[in-house]
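Below are the chains, spelled out letter by letter.
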Amino acid sequence: MLCDCHVHIVGPIGDCPQVANRTYIADLAPVETLARLGMERGFTRFVIVQPSFYGTDNSCTMEAVKSMGRSARAIVVIDEKNSDAELDAMRRDGACGVRLNLATAGVSDPVASGRFLRSAVERIRPLGWHVQLNTEPGIIAALKKEFDSLPVMVVFDHFGG
């Protein structure tokens, strides 16, 4: 069984609007293409990661996971505006982790990064999720002891910067 553990779905901008402060405009990458190319290459499982250009609107990512059924899981991006009920609904629909886009947001201060991390962990721990970090090596080094003591799994995407 093969699993692609980090893919993004990009829907039409009219259906899946991208945030105004994005660092780039992504090309269309629909779930149908992922399913077709994945099957052609022997992949049967996918982890669909919320890209930074959607901010905290996880609708495109979650719709893709729903359409793929049990073969896909989601890593979502949240903030304090997401209710516990919303998080639980995303968990039921296939979310299994939360992504902190520190690098994309320009967060390079270890103290601020630690605050974001602790806040996210507090929200996701009851859900059984992991936290996924998009950050730079200096932040990883500065927070190493904190990572060791967290009650959830930590994943570094993009090779830890």
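As the structure is a computational prediction, the values presented were derived from the model and not from experiment.

Q: What should I look at first to understand the side chain of Asn58 in this one?
A: Position of Asn58 among the secondary structure elements: in the loop between strand E2 (43-49) and helix H2 (59-68). The class for Asn58 is buried, based on a relative accessible area of 5%. Among the polar contacts made by the side chain of Asn58, one reaches the main-chain carbonyl oxygen of Thr56 at a distance of 3.0 Å. Setting aside its immediate chain neighbours within four residues, Asn58 contacts Gln50, Val76, Val77 and Met90.

Q: Would you mind showing me how to read the environment of Ser108 here?
A: With respect to the element layout, Ser108 can be found in the loop between strand E4 (95-100) and helix H4 (110-124). Sequence separation of Ser108 and Glu136 is 28 residues, and the distance between their C-alpha atoms is 7.6 Å. Beyond its immediate stretch of four places on either side in the chain, Ser108 contacts Glu136 and Ile139.

Q: Any chance you could explain the side chain of Gln18 here in plain terms?
A: The topology assignment puts Gln18 in the loop between strand E1 (2-7) and helix H1 (31-40). By relative accessible area, which is 10% here, Gln18 ends up buried. If near-sequence neighbours (up to four positions away) are discounted, Gln18 is found in contact with Val10, Ile13, Tyr24, Ile25, Ala26, Phe53 and Tyr54.

Q: Just to check I follow, could you spell out the environment of Phe43 for this structure?
A: Within the element layout of this structure, Phe43 appears in strand E2. What makes Phe43 partly exposed here is its relative accessible area of 24%. Sequence separation between Phe43 and Glu86 is 43 residues; the distance between their C-alpha atoms is 30 Å. Ignoring any residue separated from it by four or fewer positions in sequence, one finds Phe43 in contact with Leu2, Cys3, Asp4 and Gly38.

Q: Teacher, can you tell me more about the packing of H1 against H2 here?
A: When two helices pack together, their arrangement is captured by the angle between the axes and the distance separating the axes. Viewed as axis vectors pointing N to C, H1 and H2 meet at an angle of 45°, and their least axial separation amounts to 10 Å. Comparing their axes, H2 and H1 come out oblique. In terms of crossing hand, the pair formed by H1 and H2 is right-handed. Contacts from Val31, Leu34 and Ala35 of H1 reach H2 at Ala64, Ser67 and Met68. Taken together, the residues of the contact of H1 with H2 sort by class into 5 nonpolar, 1 polar and no charged.

Procedures and definitions
Residues numbered from 1 in each chain as written. Predicted model: local features only at pLDDT ≥ 70, side-chain atom pairs only at ≥ 80, totals over all residues. Heavy atoms only, no water. Helix = DSSP H or I, 4+ residues; strand = E, 2+ residues; numbered from the N terminus. Buried < 20%, exposed > 50% of the residue type's maximum accessible area, 1.4 Å probe, protein only. Polar contact = N/O pair within 3.5 Å; in protein donor to acceptor, adjacent residues only side chain to side chain. Contact = heavy atoms within 4.5 Å. Axes fitted to C-alpha atoms, helices over the stretch in contact; angles between N-to-C directions. Parallel < 35°, antiparallel > 145°, perpendicular 65-115°, else oblique. Left-handed = near helix turned anticlockwise from the far one by under 90°. Nonpolar A, V, L, I, M, F, W, Y, C, P; charged D, E, K, R; others polar.

Purely spatial values, then, with no claim about function.
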